[in-house]
Amino acid sequence: MADEQANRESFDIQAGYCSAMQAPITARVSTVLGKSMTRDSETGRRVLDWPGEPVADALVLRLIGGLHALHRRGVPELAPIFTGGVTDPDAVGAILQDVFVAHDAELLPWLDGPPQTNEAGRSAGLMTGILHLAQRYGPRVEILEIGSSAGLNLLIGRYRFDLGGVRMGPTASPVEIKPEWRGPPPPDVPVEIISSRGMDIQPLDLSGSRDAERLQAYCWVENVERQARLEKTIAMVRAEGVDLVQGDAADWVEARLAEPQAEGVMRVLMHSVVWQYLPNATQHRIADAMQAAGTLATAERPLGWVMMEPNRDLHRHEVRVRGWPGDTPMQLVALTHAHGAWVEALEPPYETRPYVMRAY
């Protein structure tokens, strides 16, 4: 259980992460909040008395998402902060404390659940992992995604990709995923996404404005390119739909793995920035279910696992893959920016240590 000091320190941790992700305004807001937060508002009291693990709970991002939403709604006091017009820490802190008091009721609900940072750019890391598996097991892929949020990465078969010169996807797609590529190119093999299904404990419904606002609020103010892409992907979901349901991750994975699998199709579990939010018991159930299903996998009906999860110590995300049949442990095949701005492919031999988000 954290205390006020640990909760304040989480703002500096997030600020470092934002700085590494070239988000100076969001980093400044985070740094100032950690030092200037008071108990004059219910929001401030709840943040400072946060009972959980503030970094794993993404407490800072919950709060900044709420502030960004107010800015997007036109709260005038926030405009100079989120446009970079006011940078003095004391001035920023004073403005934010006034906003907390004036908009307490609007901000409090943003603390109730984890951020929904569904980001289409993360498909670059996920597709990189899929390419590694397709090289082993063939091109036809059935996607199962946990923590799908609004389902933007369920559109992975509908995006155009350029990954280090390796191109795939519909040429007419309105969204191109083309990160800065570092290192060797990924496997240049065909991929055909046969189907994509996803679940989330609290999926977002983009048919209305409320959940779209949540996604846009969690897209940092500096990330103009991401915001433009987000508008396009929201439009794609509204026009074409996604197969997305509400549920428990472990229950859903176990049920999907028990379903018949088509011959010649690789079933792939994928997720991005999700693992930290799952209880330990849920993580173990999913890992056990995948291992059990893996023992039954065959060359005709292979199984894969692709994860893109954060390494908080190094301010990067890691793409890891595991495939069955085969005894090769989960491998770290690439590093990536949190929002997919760049991907760095690694050279074999690949690291095979278990994934660890952060040593607390």
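That block above? That's the structure.
Residues numbered from 1 in each chain as written. Predicted model: local features only at pLDDT ≥ 70, side-chain atom pairs only at ≥ 80, totals over all residues. Heavy atoms only, no water.

Asks: Report on the packing of aromatic side chains, specifying residues and quantitative values.
Replies: All told, the structure shown has three aromatic pairs when counted by the stated rule. A ring pair is formed by Trp-110 and Tyr-218, whose centres lie 5.5 Å apart and whose planes are at 70°; its orientation type is edge-to-face. Taken together, the residues Trp-110 in the loop between helix H7 (104-107) and helix H8 (123-137) and Tyr-218 in the loop between helix H9 (209-217) and helix H10 (224-240) connect sequence positions 108 residues apart. Its relative accessible area of 6% is what places Trp-110 among the buried residues. Look at Trp-275 and Trp-305: their rings are 5.8 Å apart centre to centre, the planes differ by 65°, and that puts the pair in the edge-to-face class. Placement of the pair is Trp-275 in the loop between strand S8 (266-272) and helix H12 (280-296) and Trp-305 in strand S9 (residues 303-311), with a sequence separation of 30 residues. Accessibility expressed as a relative area gives 10% for Trp-275, which makes it buried. A relative accessible area of 7% places Trp-305 in the buried class. (Phe/Tyr/Trp six-rings, centres within 6.5 Å; stacked < 30°, edge-to-face > 60°. Helix = DSSP H or I, 4+ residues; strand = E, 2+ residues; numbered from the N terminus. Buried < 20%, exposed > 50% of the residue type's maximum accessible area, 1.4 Å probe, protein only.)

Asks: Explain the packing of helix H2 (residues 24-36) against helix H4 (residues 59-73) to me, using residue names and the numbers behind them.
Replies: H4 packs onto H2 with a crossing angle of 115° between their chain directions and a minimal axis gap of 11 Å. Classified by the angle their axes make, H2 and H4 are roughly perpendicular. Along this stretch, H2 crosses H4, giving a crossing that reads as right-handed. Packed against H2, whose contacting residues are Thr-26, Val-29, Ser-30 and Leu-33, the element H4 presents Val-60, Leu-63, Ile-64 and Leu-67 at the interface. Residues belonging to the contact of H2 with H4 are distributed by class as follows: six nonpolar, two polar and no charged. (Axes fitted to C-alpha atoms, helices over the stretch in contact; angles between N-to-C directions. Parallel < 35°, antiparallel > 145°, perpendicular 65-115°, else oblique. Left-handed = near helix turned anticlockwise from the far one by under 90°. Contact = heavy atoms within 4.5 Å. Nonpolar A, V, L, I, M, F, W, Y, C, P; charged D, E, K, R; others polar.)

Asks: Outline the pairing of strand S11 (residues 331-336), supporting the account with residue identities and numerical values.
Replies: Burial runs high along S11: six of the six residues are buried. Pairing of strand S10 (residues 316-324) with S11, which is carried by five bridges, proceeds in the antiparallel orientation. Looking across to S11, one finds that Val-319 is bridged to Ala-334. Connecting the antiparallel pair S10 and S11 is a turn made up of six residues, with Gly-326 showing a positive phi of about 135°. Across three bridges, S11 lies against strand S12 (residues 342-345) in antiparallel orientation. Of the residues in S12, the one forming a bridge with Ala-334 is Ala-345. Taking the residues that link successive antiparallel strands as the turn, the S11-S12 hairpin has five residues, and the phi of Gly-340 there is positive, at about 85°. (Pairing = 2+ DSSP bridges.)

Asks: Describe the sheet that holds strand S2 (residues 160-163), naming the residues involved and giving the relevant values.
Replies: One key point about sheets: their strands pair by backbone hydrogen bonds, in either a parallel or an antiparallel sense. The strand order across the open sheet formed by three strands is S3-S2-S4, and the pairing between neighbours is mixed. A single partner strand is all that each edge strand has here, and the edge strands are strand S3 (166-168) and strand S4 (176-177). Alignment of S2 against S4, held across two bridges, turns out to be parallel. Note that in S4 the partner of Phe-161 across the bridge is Ile-177. In the packing of H8 onto the sheet, contacts are made with S2, S3 and S4, and the angle to S2 comes to roughly 75°.

Asks: Quick rundown of unusual backbone geometry? Include the residues and the values.
Replies: Each neighbour pair has its own omega, and for Trp-324 with Pro-325 the value is 5°, a cis peptide bond. Within the fold, Pro-325 resides in the loop between S10 and S11. Between Pro-348 and the following residue, Pro-349, the backbone shows a cis peptide bond with an omega angle of 5°. Along the chain, Pro-349 turns up in the segment after S12. The backbone of Gln-22 shows a phi angle near 55°, a positive value even though the residue is not glycine. A relative accessible area of 53% means that Gln-22 is categorised as exposed.

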